[in-house]
2 protein chains.
Amino acid sequence: MREIAIIGIGQTPIDEHWEKSLRVLAGEAALSALVDSGRDSVDGIYVGNMLSGAASHQQHLGALIADWIGLRYTEAFKIESACGSGGAALRSAVMAVASGMQESALAVGVEKMTDSPGSEITAHLATAADADWEADQGVSFVALNALIMRRYMYEYGWKHADFAGFSINAHANAVHNPNARFQDPINETIYNKSAMIAEPINLMDASPMGDGAAAVVVVPADTIKPNGRPLIMIAGSSSATDSIAVHDRRDPLWLTAAERSVKKAYTQAGVGPQDIDVFELHDAFTIMAALSLEACGFAERGQGPRLALDGQISPQGRVPIATRGGLKARGHPVGATGMYQIVEVVQQLRGEAGETQVPNARIGMAQNIGGSGSNIVTHILKSV
Amino acid sequence: MREIAIIGIGQTPIDEHWEKSLRVLAGEAALSALVDSGRDSVDGIYVGNMLSGAASHQQHLGALIADWIGLRYTEAFKIESACGSGGAALRSAVMAVASGMQESALAVGVEKMTDSPGSEITAHLATAADADWEADQGVSFVALNALIMRRYMYEYGWKHADFAGFSINAHANAVHNPNARFQDPINETIYNKSAMIAEPINLMDASPMGDGAAAVVVVPADTIKPNGRPLIMIAGSSSATDSIAVHDRRDPLWLTAAERSVKKAYTQAGVGPQDIDVFELHDAFTIMAALSLEACGFAERGQGPRLALDGQISPQGRVPIATRGGLKARGHPVGATGMYQIVEVVQQLRGEAGETQVPNARIGMAQNIGGSGSNIVTHILKSV
């Protein structure tokens, strides 16, 4: 198999971009990535997006974006895997180039959520769950996660306040990320007193929606000429599914798809959790941060919150997560999130992460989750 | 690059399947394909679909279908490229296996359209066009094709009746296809007297919606043990885009994306139009059949209808098209159509096409169009 490297990254701020359409947002990120890569075209474009058909009455984003960025005629498809669409788009780009069918590819994630009323977006987001057995019964996405979190607290004896560290770390890091949705720090008082959404999930446990786009350019590693920058290799790329309905799982407190996906990626990259210098995980809710840390081997079962309580998740900690703000504070424009994670890991491995730079980061991991753990994509990047 | 072969096919009848959900339909086709392949699992599942989020309030079909067919934990994504989603799903499956990242893959196209009122589906289908510059101006998909057909008739001097042969051939072939939506023949009188939809497109120029699913299993060719069946190789696989808005093209009467996509596929397969024994084209409207024949090198510019008038498109003709009914009579469940085309070409190359078998078919082509020619996927299959 050909070795693949990332040679360009781009992103827009995550915000309420009422003045920018889908193609404008995606184009800004895509063109930034192309400029950063030093190229003016690619052979294939793979777009991660979940909601455009429902929220913007626009499907067919492949052709839309290819044309807008001046690459009319280029192969271009949309990849959808709910909130895991961004990671899935990169995986498609990697497979396209690794197959030898394309010599270069652009993966771009884009989502536009804030033009629609919140109640509509809540309904659109619920299409990531099982329509027949979850959404049609009235369970929203936050409610599903609340059921999981409540059970987790019961099984392992955690209090709600024990999850505060995840949100505090995310917000502390986002202060230094100019593209983050929220750039203000929070503290335990704010966390504990925030409005309840679906008990035990309050506003500070949940990631905010937003509009945004992020993109990367990938090529075969052996085609890159030395340019003074570290070479960012895709050392592991893998994904796995689980039941779409949470109640169909033997253990709703274990992310089997994360475990399967990450094990394969570790093997491909020849590393283990102890080798990961930075981990951009999918903290759509604080409970998901805890479950991801456990499934990926950073904490024992039921002990995810311990890492946050012990101060080990900051950029200077043992397991730095959400180093640019994570979903919680950088924001969660659902189909774009997986691409933001990749862009941020590249920033860390290039040493371009500024105030929240992880010292000597050489190996980074990004993990993007679709649904309540039902589709999980893992990428491991190495700076060489 | 690894050579890829199709070892299993499956399909459901196209009909109003009000009693079957998305997962049930997709599962029937997928499990048929697995049984036909002699396998009970695959490494990756790539789902072509356009409308499920809007029409069935269900996204995330990868996880949904993987779990339903007993392949929980398997990689699974949805690929969307409007009405070209089925072809794009096969292309994704081919790239996954060709890359060496997967050793086998299932591509399944599924669409469920008849549960929704026709007016809603018309609006959902318009999301394949440019939302800002076409759909929001009130142009439906049939209207866009009517504008193209009217201009074509003006430029090249054709009458509406000259297109009758495309529909008559499609219906004549569908009589012998038990999975076709319509299994009744039509004649020139029926064609000429049918109700007008958007002048000059009448009911017999347009393909019908429907519910259905079709699937194939692909593996590296060198892993197949001889089993007495012809080996069906994917000799060419390519796609290209064009502007999403028709008015942005230099020539709205020429399918540049088809020309680019097919040229690459011809080169990969080492063949030209004269070598194609059967061509499953995208006759969503009769005008699209004419334009496809021209862009793929079977007719001079502006002369597509001549092939139908001269009786050359029947299974015994020089350029057999729509041999199982085409979009016009087999039906057009949009995101599934591209997979039906592939299944039907395989049937022809295996000699399993019954009454409409093309004699000695060895090389077949399928071409799937998304939007009004804005995303076109071409596959060339060879029986060896």
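What you see is a predicted model, and the numbers here were worked out from it, not measured in a lab.

Peer 1: I'd like a description of the overall build of chain A, backed by residues and values.
Peer 2: From N to C terminus, chain A includes 13 helices and 11 strands. Against the globule reference of 21 Å for 384 residues, chain A gives a C-alpha radius of gyration of 19 Å, in line with a compact fold. Principal axes of the C-alpha set define a box for chain A whose edges measure 55 × 45 × 40 Å. Relative to its full complement of 384 residues, chain A shows a buried share of 68%. Contacts in chain A between residues far apart in sequence, at least 24 positions, make up 78% of those at least 6 positions apart. Accessible surface, chain A as shown: approximately 12,400 Å² in total, 50% of it carbon and sulfur. Between the mean site of the 29 positive side-chain charges and the mean site of the 41 negative ones, chain A shows a separation of 4 Å.

Peer 1: Lay out the pattern of salt bridges in plain terms, naming residues and giving numbers.
Peer 2: Summed over the entire model, instances satisfying the criterion amount to 38 salt bridges over all chains. B:Asp132 serves as the salt-bridge partner of A:Arg23, at 3.2 Å between the closest nitrogen and oxygen. Residue A:Arg23 is located in helix α1 (residues 22-37), and its partner B:Asp132 is located in the loop between α5 (118-125) and α6 (141-156); the two belong to separate chains. Judged by relative accessible area, B:Asp132 falls into the partly exposed class, the value being 35%. Close ionic contact of B:Asp211 with B:Lys112 constitutes a salt bridge, the shortest N to O distance being 3.8 Å. You can see B:Asp211 sitting in the loop between β6 (201-202) and β7 (212-220) and its partner B:Lys112 sitting in the loop between β4 (105-111) and α5, a full 99 residues away along the chain. The same class applies to B:Asp211 and to B:Lys112, which are both buried.

Peer 1: Help me get a handle on the side chain of A:Gln102, residues and values and all.
Peer 2: Residues and elements named next belong to chain A. By the secondary structure assignment, Gln102 is in the loop between α4 (85-98) and β4 (105-111). Taking relative accessible area as the criterion, Gln102 reaches 2% and is therefore assigned buried. A polar side-chain atom of Gln102 sits 3.1 Å from a polar atom in the side chain of Glu75.

Peer 1: Would you mind going over unusual backbone geometry in detail, with residue names and values included?
Peer 2: Residue and element names in this part refer to chain A. Looking along the chain, the bond that leaves Glu199 and enters Pro200 is cis, with omega of 5 degrees. Considering the arrangement of structural elements, one finds Pro200 in the loop between β5 (196-198) and β6 (201-202). Non-glycine residue Ala322 carries a positive phi angle of around 50 degrees. Counting through the fold element by element, Ala322 comes out in the loop between α11 (304-309) and α12 (326-330).

Peer 1: For the interface of chain A and chain B, give the residues involved together with the corresponding values.
Peer 2: Counting from both sides, the interface comprises 62 residues of chain A and, opposite them, 62 residues of chain B. Interface area, chain A with chain B, both sides summed: about 4,900 Å², of which 53% is carbon and sulfur. When the buried surface of chain A facing chain B is broken down by residue, A:His60, A:Tyr73 and A:Met101 rank first, second and third, together holding 16% of it. Counting the contacts that link chain A with chain B gives six salt bridges. At the level of elements, α2 (52-56), α3 (61-68), β3 (75-80), α4, β8 (232-241), α9 (256-269) and β11 (375-383) of chain A are the ones that each hand at least two residues to the side of chain A that touches chain B. Grouping the constituent residues of the side of chain A that touches chain B by class yields 26 nonpolar, 22 polar and 14 charged.

Peer 1: Which residues make up the packing of helix α1 (residues 22-37) of chain B against helix α3 (residues 61-68) of chain B, and what values do they have?
Peer 2: Residues and elements named next belong to chain B. Where α1 meets α3, the axes come as close as 9 Å, and the angle between the chain directions of the two elements is 60 degrees. Comparing their axes, α3 and α1 come out oblique. Like other packed secondary-structure pairs, α1 and α3 cross with a definite hand, here right-handed. Between α1 and α3, the contacting residues are Leu22, Arg23, Val24, Ala26 and Gly27 on the first element and Leu61, Leu64, Ile65 and Trp68 on the second.

Peer 1: An account of α1(A) is needed here, citing residue identities and associated values.
Peer 2: Residues and elements named next belong to chain A. For α1, which comprises 16 residues, the first-to-last C-alpha distance of 23 Å matches the rise-based estimate of 22 Å (1.5 Å per residue) to within 8%. Those residues of α1 that fall on the buried side of the exposure criterion are Leu22, Arg23, Leu25, Ala26, Gly27, Ala29, Ala30, Ala33, Leu34 and Ser37. Where α1 is buried, its residues meet β1 (4-11), α2, α3, β4 and β7 (212-220). Once α1 finishes, Gly38 follows within two positions and takes phi at roughly 75 degrees, a positive value.

Peer 1: Can you break down the pairing of strand β10 (residues 363-370) of chain B residue by residue, with the values?
Peer 2: Residue and element names in this part refer to chain B. With eight of eight residues buried, β10 lies mostly within the body of the structure. Every second residue of β10 is oriented toward a common face, with Ile363, Met365, Gln367 and Ile369 on one face and Gly364, Ala366, Asn368 and Gly370 on the other, all of them buried. Sheet topology note: the strand β9 (residues 278-280)/β10 ladder contains three bridges and is parallel. Looking across to β10, one finds that Val278 is bridged to Gly364. Summarising the sheet, β10 and strand β11 (residues 375-383) pair through eight bridges and their orientation is antiparallel. Within β11, the residue paired with Ile363 across the bridge is Lys382. Here β10 folds back onto β11 in antiparallel fashion, the turn holding four residues, of which Gly371 has a positive phi close to 65 degrees.

Criteria and cut-off values
Residues numbered from 1 in each chain as written. Chains lettered and ligands numbered in written order. Predicted model: local features only at pLDDT ≥ 70, side-chain atom pairs only at ≥ 80, totals over all residues. Heavy atoms only, no water. Helix = DSSP H or I, 4+ residues; strand = E, 2+ residues; numbered from the N terminus. Rg over C-alpha atoms; globule rule 2.2 N^0.38 Å. Buried < 20%, exposed > 50% of the residue type's maximum accessible area, 1.4 Å probe, protein only. Contact = heavy atoms within 4.5 Å. Areas by Shrake-Rupley, 256 points an atom, 1.4 Å probe, with all protein chains shown as cover. Lys, Arg positive; Asp, Glu negative; His and termini not counted. Charge placed at Lys NZ, Arg CZ, Asp CG, Glu CD. Salt bridge = Lys/Arg side-chain N within 4 Å of Asp/Glu carboxyl O. Polar contact = N/O pair within 3.5 Å; in protein donor to acceptor, adjacent residues only side chain to side chain. Buried area = accessible area lost by both parts, 1.4 Å probe. Nonpolar A, V, L, I, M, F, W, Y, C, P; charged D, E, K, R; others polar. Axes fitted to C-alpha atoms, helices over the stretch in contact; angles between N-to-C directions. Parallel < 35°, antiparallel > 145°, perpendicular 65-115°, else oblique. Left-handed = near helix turned anticlockwise from the far one by under 90°. Expected span 1.5 Å × (residues − 1). Pairing = 2+ DSSP bridges.

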